[in-house]
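Listed below are the residues making up each chain.
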Amino acid sequence: MPVPALARPWPLLALLLACGGSGSSTTDADTSTTQDSSSTSTSTSTEPTTSTTSTSSESTTSTGELTDTGVGPTTGVTTTTGDLTTGDTTTSASTSSTSTTDGTSTTGDSTSSSTSTTDGTTGEPGELGTISGDCGLLDVMELESPDPFVFSGAIDFGVLGYDYDLLTPGGQQIYDEGNLNPGSLYSEIVAYEVLARCELATLLKTEGTIVYTNPMGKKTDFLAEIDGLKVGVSVVRAVGFPKDDPYSVAQAKTILDGKLADILVSSANVAPEDAWVKQILSVVAYGPMHLESLLAAYDTVDPAVKADTILVITVTDGDDAFIYN
């Protein structure tokens with residue numbers, strides 16, 4: 001128990017006062033240190049940065065990633081992903097794929113189109129055979145061009161074979177009026193059917209009614225109109241005997257050289273009233289092997305003989321015996 005102040009001697013009191021002042025200073029320092037630490041802690045808890053961080057975290061939790069809700073059109077809708085903590089935003093375009101009945105598919109802002117122009121198929125009810133391959137490619141550009149062109153396709157007669165009632169009006173007219181070589185009548189009908197259905201050709205004249213300056217000279221097989229232009233059509237069959245035997249490039253070149261040369265002569269012989277702008281050599285081929293040989297042989301034909309003739313090769317499938325008998 002400390003001695004009451006009034007009972008203490010003054011010298012001892014002076015000594016004690018000196019020592020007591022030092023102790024008070026130490027205590028003040030400790031107190032100051034404690035206060036500084038407390039001040040730092042208080043500053044940290046009230047710092048705006050800490051408050052901002054806390055707010056951002058809460059905003060991110062409540063807002064999350066902004067995405068398309070799926071309401072409304074899907075094409076062209078943008079999805080925004082935002083990190084609200086950093087403020088960075090990325091934008092991506094969502095796309096949808098739609099399909100239409102004409103075969104055109106659109107994805108986003110790019111369009112890919114699939115059409116049947118270069119690999120068409122036509123075989124509606126009431127038509128003879130199903131046509132496939134190059135179809136619908138002839139127009140004024142090819143017909144008025146001085147260059148030769150080559151197209152190939154096929155016609156499948158299935159199990160039906162030949163049926164007069166399924167021919168186009170032009171095909172029936174060719175059959176009714178006949179030609180100068182009865183053995184090639186059906187191949188000429190097939191050649192016309194392909195042109196009528198693929199190129200919208202119309203028959204103008206059959207073989208025996210085309211007018212020539214020299215009636216005894218070379219002739220073509222029929223006269224047609226395509227895109228308002230007169231076109232002569234010469235027809236030949238590509239088939240060997242027996243029919244299933246290999247068909248060589250040499251055989252193919254023989255018929256191409258002969259018919260292409262005849263076309264040059266008949267084009268010079270036609271009378272002005274029936275003059276055509278171009279001729280088509282239509283080759284009715286027995287099978288794919290024949291097509292391959294024809295294409296290989298055509299590459300070796302003299303360009304002067306090819307001239308500006310269009311070569312159309314049609315491979316026959318199904319019950320096609322009526323053409324080659």
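The present account deals with the structure reproduced in this document.

1. What about the layout of surface pockets?
No. 1: By volume, the largest pocket is sized at about 350 Å³.
No. 2: Around the largest pocket, the lining is made up of 21 residues, and of these N181, S184, D221, V235 and K259 lie nearest the centre.
No. 3: Looking at the lining of the largest pocket, the elements that each hand over two or more residues are α5 (185-198), β11 (229-238) and α6 (249-269).
No. 4: Class assignment of the residues belonging to the lining of the largest pocket gives a composition of 6 nonpolar, 7 polar and 8 charged.

2. Quick notes on α6
No. 1: With 21 residues, α6 should cover 30 Å at 1.5 Å per step; its first-to-last C-alpha distance of 30 Å lies within 8% of that length.
No. 2: Taken together, the buried positions of α6 are occupied by A252, I255, L256, K259, L260, I263, S266 and N269.
No. 3: Along its buried surface, α6 packs onto β11, β12 (278-285), α7 (288-298), α8 (303-306) and β13 (310-317).

3. What about the nonpolar core?
No. 1: Counting 39 residues, the largest nonpolar core has F222 and I280 as its most contacted members.
No. 2: Among the secondary structure elements, those contributing two or more residues to this core are β8 (149-156), α5, β10 (222-226), β11, β12, β13 and α9 (321-324).
No. 3: Among the elements that make up this core, the one with the highest residue count is α5 (9 residues).
No. 4: One finds A238, I263, A297 and V301 within the second-largest nonpolar core, a separate group that totals 21 residues.

Calculation rules
- Residues numbered from 1 in each chain as written.
- Predicted model: local features only at pLDDT ≥ 70, side-chain atom pairs only at ≥ 80, totals over all residues.
- Heavy atoms only, no water.
- 1 Å grid on protein atoms, 1.4 Å probe; cavity = no way out; pocket = protein on both sides within 12 Å on 5 of 7 lines; lining within 4 Å.
- Points joined across faces, edges and corners; volume = space filled by probe spheres on them.
- Helix = DSSP H or I, 4+ residues; strand = E, 2+ residues; numbered from the N terminus.
- Nonpolar A, V, L, I, M, F, W, Y, C, P; charged D, E, K, R; others polar.
- Expected span 1.5 Å × (residues − 1).
- Buried < 20%, exposed > 50% of the residue type's maximum accessible area, 1.4 Å probe, protein only.
- Contact = heavy atoms within 4.5 Å.
- Core = buried A, V, L, I, M, F, W, Y, C linked by side-chain atoms within 4.5 Å.

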